[in-house]
Amino acid sequence: MASQRALPQSKESLLQNYNKRLKDDIRSILDNLTEIIKTAKVEDETQVSRATQAEQDHYEMHVRAANIVRAGESLMKLVSDLKQFLILNDFPSVNEAISLQNQQLRSLQEECDKKLTSLRDEIAIDLYELEEEYYSSRYK
Amino acid sequence: MANDRLRALEEVENQIATILQYAGNVVLELSKDKHNASFLDRQLSQVTGSVNRVATELSSQIRYLTQVATGQPHEGSTYSARKDCQMALNRAEYTRVKLGELGRTCEVMLDPQL
């Protein structure tokens, strides 16, 4: 059996897309956080005035923080997509759930039928006694 | 088995939220005049640790899905067992109704005043 089954192109590309999204988002979080920390360092010599440099750094930090949040939300969306894909395509667990449910339903049905059968047998015995009593009486 | 994987993905979601929280703590600490270096180091190591855990777990889930996904819809069903069980319950209910009628008939016969 081949270790890598040939998936339909759509599923293959979908999983590759998930991998790409994961790598991009993780890289985005780490890079932007690193750049924020670098930008927090106050330089003694700047090409523009301190106020302008401070304003630029402030804006850059805002943008990078927004990028980190966007990457976090993108990761959440990826997790949601993975959950959906797992529920629909994880055949081993779906098979296990179906066989467990079938087993529970069949055992409930067998228990029900067993009790009905024993009830039938008891009523049959009582009916036999009642018939004997009735047919040996003067009311038959 | 499926529940374990779904629970692991929920744990990943919590970790993503903590990553953002720790990153926010780092930025908050950097905004102060005097930084607490040990606090910064701790928060940064937690960010990187959480990021690595998230990346590892999600990669493992994607790898598992690559192995088990077939691209075909699942055609399994519990309809047959469910139908049989429903019929058994209907038989039991019918028996209960009939025994109830028999019981009431016997009571009427034994006590004509009812």
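The coordinates are above.
On a predicted model such as this, the values are computed, not experimentally measured, just so you know.

Engineer: Can you help me understand the pattern of salt bridges in this one?
Structural biologist: Under the counting rule described, the total for this entry stands at 14 salt bridges over all chains. Residue Arg120 of chain A is joined to Asp121 of chain A by a salt bridge in which the shortest nitrogen-to-oxygen separation is 3.1 Å. With a relative accessible area of 53%, Arg120 of chain A lands in the exposed category. Linking Glu29 of chain B and Lys32 of chain B is a salt bridge whose minimum nitrogen-to-oxygen distance equals 3.2 Å. Judged by relative accessible area, which is 43%, Lys32 of chain B ranks as partly exposed. Salt bridges here are not isolated pairs; linked through shared partners, they connect Lys20, Asp24 and Arg27 of chain A.

Engineer: Please clarify how the layout of surface pockets should be interpreted in this entry.
Structural biologist: Any empty space left between the atoms is revealed when a probe the size of a water molecule rolls over them. Residue and element names in this part refer to chain A. Of the voids in this model, the largest pocket is the one considered here, and its volume is about 400 Å³. Along the wall of the largest pocket there are 17 residues; nearest its centre are Thr39, Lys41, Val42, Gln53 and Asp57. If you tally residues by element for the lining of the largest pocket, the top one is helix α2 (residues 50–89), at eight residues. Along the lines of polarity and charge, the residues of the lining of the largest pocket split into four nonpolar, six polar and seven charged.

Engineer: Would you explain the nonpolar core in this entry?
Structural biologist: Nonpolar side chains in soluble globular proteins generally cluster together in the buried interior. Of all hydrophobic cores here, the largest spans 33 residues; its most connected members are Leu75 and Leu82 of chain A together with Leu58 of chain B. Put simply, the parts of the chain that give this core at least two residues each are α1 (9–39) and α2 of chain A together with α1 (2–30) and α2 (37–68) of chain B. In terms of residue count, α2 of chain B provides more of this core than any other element does, ten residues in total.

Engineer: Would you mind going over the packing of helix α3 (residues 91–135) of chain A against helix α3 (residues 79–110) of chain B with me for this structure?
Structural biologist: For any two helices packed against each other, one specifies the crossing angle of their axes together with the interaxial distance. α3 of chain B packs onto α3 of chain A with a crossing angle of 25 degrees between their chain directions and a minimal axis gap of 8 Å. Accordingly, the angle class assigned to the pair α3 of chain A and α3 of chain B is roughly parallel. The handedness of the crossing between α3 of chain A and α3 of chain B comes out as left-handed. Listed contacts from α3 of chain B to Gln101, Asn102, Leu105, Arg106, Leu108, Gln109, Cys112, Asp113, Leu116, Leu119 and Ile123 of chain A of α3 of chain A are Ser80, Ala81, Arg82, Asp84, Cys85, Ala88, Leu89, Arg91, Ala92, Thr95 and Leu99 of chain B.

Conventions used here
Residues numbered from 1 in each chain as written. Chains lettered and ligands numbered in written order. Predicted model: local features only at pLDDT ≥ 70, side-chain atom pairs only at ≥ 80, totals over all residues. Heavy atoms only, no water. Salt bridge = Lys/Arg side-chain N within 4 Å of Asp/Glu carboxyl O. Buried < 20%, exposed > 50% of the residue type's maximum accessible area, 1.4 Å probe, protein only. 1 Å grid on protein atoms, 1.4 Å probe; cavity = no way out; pocket = protein on both sides within 12 Å on 5 of 7 lines; lining within 4 Å. Points joined across faces, edges and corners; volume = space filled by probe spheres on them. Helix = DSSP H or I, 4+ residues; strand = E, 2+ residues; numbered from the N terminus. Nonpolar A, V, L, I, M, F, W, Y, C, P; charged D, E, K, R; others polar. Core = buried A, V, L, I, M, F, W, Y, C linked by side-chain atoms within 4.5 Å. Axes fitted to C-alpha atoms, helices over the stretch in contact; angles between N-to-C directions. Parallel < 35°, antiparallel > 145°, perpendicular 65-115°, else oblique. Left-handed = near helix turned anticlockwise from the far one by under 90°. Contact = heavy atoms within 4.5 Å.

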